[in-house]
Amino acid sequence: MASKSHNKFSLRVIETEKGRLVNICDEELLGREFREKGIVLSIKEEFYKGITVDEDVVIDEMKKADILIVIGKRAVDIAIREKIIHPFAVLEVEGVPYAMYTNVL
């Protein structure tokens, strides 16, 4: 089994009746669970695992999302840098940052 790259992302796009849901996480976090102060951040492969992509694809998909969930330092940093997520919207569990964006028009 090949090891997961630490500069790749897992991307899963789900078309829903409420719009385009885009899940992006740092690939090495897939299947892990983090707990702190009663909060559980569970990065289940059933929900987050998709295709493995590079940063350019991540940026493109973030911009097309109606609902965006980003997990992991690299993914969240991209969302902040691209002005998709505000730094104040980022939460952390055991030092793992995550954020959610919804475009409600």
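In what follows, the structure referred to is the one given above.
Residues numbered from 1 in each chain as written. Predicted model: local features only at pLDDT ≥ 70, side-chain atom pairs only at ≥ 80, totals over all residues. Heavy atoms only, no water.

Trainee: Please set out the pattern of salt bridges residue by residue, giving values where relevant.
Mentor: It is possible for side chains bearing opposite charge to pair when their charged atoms get close. Considering all chains together, one arrives at 13 salt bridges under this definition. The closest approach of N and O atoms between lysine 8 and aspartate 54, which form a salt bridge, is 2.5 Å. Of the two residues, lysine 8 is situated in the segment before β1 (9-16) and aspartate 54 in the loop between β5 (51-53) and α2 (55-64); the sequence distance between them amounts to 46 residues. By relative accessible area, aspartate 54 is classed as partly exposed at 36%. Residues glutamate 55 and arginine 81 are paired through a salt bridge, measuring 2.5 Å at the closest nitrogen-oxygen approach. Of this pair, glutamate 55 sits in helix α2 while arginine 81 sits in helix α3 (residues 73-81), and the two are 26 residues apart along the sequence. The exposure class of glutamate 55 is partly exposed, given its relative accessible area of 34%. Given the relative accessible area of 45%, arginine 81 is considered partly exposed. Residues joined in a network through salt bridges with shared partners are Glu15, Arg20, Asp60, Glu61 and Lys64. (Salt bridge = Lys/Arg side-chain N within 4 Å of Asp/Glu carboxyl O. Helix = DSSP H or I, 4+ residues; strand = E, 2+ residues; numbered from the N terminus. Buried < 20%, exposed > 50% of the residue type's maximum accessible area, 1.4 Å probe, protein only.)

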